[in-house]
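# Results of the structural survey
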Amino acid sequence: MSAVAFIGLGTMGQGMVANLVAGGHDVTVWNRSTVVTDALPSERVVVADSIAKAVAGAEFVMYALADDVAVNDVVLGARGIAASVDVTSIVIDLSTISPAASAAEAAAFSARGVRFLDAPVFGSKGEAANGGLWIVVGGDEATFESSKVVLEPISATMHYMGPSGNGAKMKLVGNLVVAAQLEALGESLSLAKKAGLNLHDVLGVFSVTDFRSPIFDGVGSAVIADDYSPSFALKLMLKDGNLVKDFAESLDVAVPGTMATVSTIERAFDAGYGEENASALIKVLASDAGVNLAK
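What you see is a predicted model, and the numbers here were worked out from it, not measured in a lab. (Residues numbered from 1 in each chain as written. Predicted model: local features only at pLDDT ≥ 70, side-chain atom pairs only at ≥ 80, totals over all residues. Heavy atoms only, no water.)

The next thing to look at is the packing of helix 11 (residues 234-250) against helix 12 (residues 256-273). Where helix 11 contacts helix 12, the two axes come as close as 9 Å, and the packing angle between them is 150°. When the axis of helix 11 is compared with that of helix 12, the two are roughly antiparallel. By crossing handedness, the relation of helix 11 to helix 12 is classed as left-handed. Contact residues: helix 11 offers Leu 234, Lys 235, Met 237, Leu 238, Gly 241, Asn 242, Val 244, Lys 245 and Glu 249, while helix 12 offers Thr 258, Met 259, Val 262, Ile 265, Glu 266, Ala 268, Phe 269 and Tyr 273. Of the residues contributing to the contact of helix 11 with helix 12, the split by class is 10 nonpolar, three polar and four charged. (Axes fitted to C-alpha atoms, helices over the stretch in contact; angles between N-to-C directions. Helix = DSSP H or I, 4+ residues; strand = E, 2+ residues; numbered from the N terminus. Parallel < 35°, antiparallel > 145°, perpendicular 65-115°, else oblique. Left-handed = near helix turned anticlockwise from the far one by under 90°. Contact = heavy atoms within 4.5 Å. Nonpolar A, V, L, I, M, F, W, Y, C, P; charged D, E, K, R; others polar.)

Right, here's the structure in full:
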C-alpha cells in the first residue's frame with residue numbers, strides 16, 4: 001500500500017495510526033513529546049527521532065496537532081514539515097485550527113509545489129480507535145481523490161467541501177453545533193432534575209424524538225453515571241469554542257449562543273475540569289441549578 005508519515009500521537013493520533021496499519025499501510029511516526037507507543041501496532045510502524053526522518057520518502061504526510069501554536073512549530077517552523085517534506089508527497093492536516101493558520105499552511109506548501117489538504121475530523125477517542133471519524137476536506141479535488149486510500153481506513157465518511165480552507169471552516173461550523181448540544185443537554189437535564197423528573201426517563205424521550213442526537217445519547221448516559229472520563233478534553237473544547245467565536249467575529253456574524261456556551265466552558269475550566277471530558281461543562285450548569293445529576 002502506501003508509505004505514510006504520521007505526526008502527532010495524542011489520543012486521536014494513536015487510533016488513526018492503528019487503523020492506517022490495519023488498512024495495510026506502512027507508517028512512520030513522530031511526536032513532539034515522548035509517548036507510550038506500546039499501544040501502536042509493532043509491525044509496519046517505525047518511530048522516527050525527527051520530523052525530517054519521519055517524512056523522508058513518504059507518499060502521504062498526515063498530522064493531528066492540538067492547536068495553532070503546535071502548527072506554527074511543527075509545520076511552519078524552520079525544521080518543520082513544510083520545510084522538510086518531499087515535493088512529491090501529499091500533506092494532510094487533520095487538526096482543528098483557525099482558518100488563518102490553515103491558510104498559512106496552504107501558502108507554505110504551495111510555495112514548494114507540495115499538494116496539501118485541510119481535512120479536520122469530527123469524532124473523539126472512540127471514533128479514532130474504531131476508524132469511524134467524519135472528515136471534512138478542503139483543497140484540490142484531484143488531490144482529495146488520490147488521498148482516499150489513506151482517509152478511508154480512519155473514517156466513517158468523507159466530505160469534500162471545496163477549495164483549500166473550506167475543511168477548516170466547516171469544522172468550526174460543526175463545532176458550533178457540538179458546543180450548543182452540550183449546553184442544551186446540560187440545561188435540559190438540570191431543569192428536568194429540578195422539576196423532579198427521572199433522568200433515565202428523560203433520556204428515553206430524547207432518544208426517540210425528532211431532536212434526538214448521538215451526543216444526547218452518549219453524553220447523557222455518561223453524565224447521569226457521573227462519568228466524565230476524557231474522550232475529548234474540556235480544555236480542547238475551550239480552544240475550539242474560542243476558534244468558533246473568533247471565526248464568526250472575523251465575518252461579522254453574531255453567535256450569541258456560542259458566546260454563552262464559551263462562557264460556560266470557561267467557568268468549567270476555571271473550576272478545574274480542563275482535563276475531564278468536554279461534557280464537564282454540564283457540571284457548572286447543574287451546580288447553578290443546585291442539583292446533582294448523578295443522584
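On we go.
Moving on, we get to the packing of helix 8 (residues 166-194) against helix 13 (residues 281-289). Helix 13 packs onto helix 8 with a crossing angle of 30° between their chain directions and a minimal axis gap of 9 Å. Compared by their axis directions, helix 8 and helix 13 come out roughly parallel. For the element pair helix 8 and helix 13, the recorded crossing hand is right-handed. Residue-level contacts link Leu 182, Glu 183, Leu 185, Gly 186, Glu 187, Ser 190 and Lys 194 of helix 8 to Leu 281, Ile 282, Leu 285, Ala 286 and Ala 289 of helix 13. Of the residues contributing to the contact of helix 8 with helix 13, the split by class is seven nonpolar, two polar and three charged.

Glancing now at the pairing of strand 5 (residues 90-93). The alternating pattern of strand 5 places Ile 90 and Ile 92 on one face and Val 91 and Asp 93 on the opposite face, and all of these are buried. Examined bridge by bridge, strand 4 (residues 60-63) and strand 5 share four bridges and lie parallel to one another. Looking at the pairing, Tyr 63 lines up with Asp 93 of strand 5. Pairing of strand 5 with strand 6 (residues 115-118) involves four bridges; the strand directions are parallel. (Buried < 20%, exposed > 50% of the residue type's maximum accessible area, 1.4 Å probe, protein only. Pairing = 2+ DSSP bridges.)

With that settled, consider the environment of Ala 286. In this fold, Ala 286 is placed in helix 13. For Ala 286 and Leu 189, which are 97 residues apart along the polypeptide, the C-alpha to C-alpha distance reads 8.0 Å. Not counting chain neighbours up to four residues away, the residues in contact with Ala 286 comprise Ser 190, Val 291 and Leu 293.

Each aromatic ring pair is summarised here by two numbers: the centre-to-centre distance and the angle between the ring planes. Taken as a whole, this structure holds four aromatic pairs when the rule is applied. Pairing Phe 109 with Phe 116 gives two aromatic rings, centres 5.2 Å apart and planes at 20°, and the pair type is stacked. Phe 116 carries the same exposure label as Phe 109, and that label is buried. Look at Phe 206 and Phe 216: their rings are 5.7 Å apart centre to centre, the planes differ by 40°, and that puts the pair in the tilted class. Here the residue Phe 206 occupies a position in helix 9 (residues 199-206), and Phe 216 occupies one in helix 10 (residues 214-224), the gap between them amounting to 10 residues. By relative accessible area, Phe 206 is classed as buried at 12%. Here Phe 216 falls in the buried class, since its relative accessible area comes to 10%. Here the aromatic cluster, defined as three or more aromatic residues joined through ring pairs, consists of Phe 206, Phe 211 and Phe 216. It is Lys 283 that lies over the ring of Tyr 228; its NZ or CZ is 4.7 Å from the centre. Against the face of Tyr 273 rests Lys 283, its NZ or CZ located 4.4 Å from the ring centre. (Phe/Tyr/Trp six-rings, centres within 6.5 Å; stacked < 30°, edge-to-face > 60°. Lys NZ or Arg CZ within 6 Å of the ring centre and 35° of its normal.)

Moving on, we get to unusual backbone geometry. The backbone of Asp 226 sits at a positive phi, close to 60°, despite the residue not being glycine. Summarising the element assignment, Asp 226 is placed in the loop between helix 10 and helix 11. One non-glycine residue, Asp 252, lies in the positive phi region at around 60°. You can see Asp 252 is positioned in the loop between helix 11 and helix 12.

Right, let's get into the pairing of strand 8 (residues 133-138). Counting buried residues along strand 8, five of its six residues qualify, which places the element largely inside the surrounding structure. Bridging between strand 7 (residues 121-122) and strand 8 involves two bridges; their strand directions are antiparallel. In the strand pairing of strand 8, Phe 122 is matched with Trp 134. Where strand 8 meets strand 9 (residues 155-162), six bridges bridge the pair, whose relative direction is parallel. Across the sheet, Leu 133 pairs through a bridge with Ser 155, a residue of strand 9. In this fold, the crossover linking strand 8 to strand 9 by way of helix 7 (residues 141-151) has right-handed handedness. (Right-handed = clockwise from strand over helix to strand, strands pointing away.)

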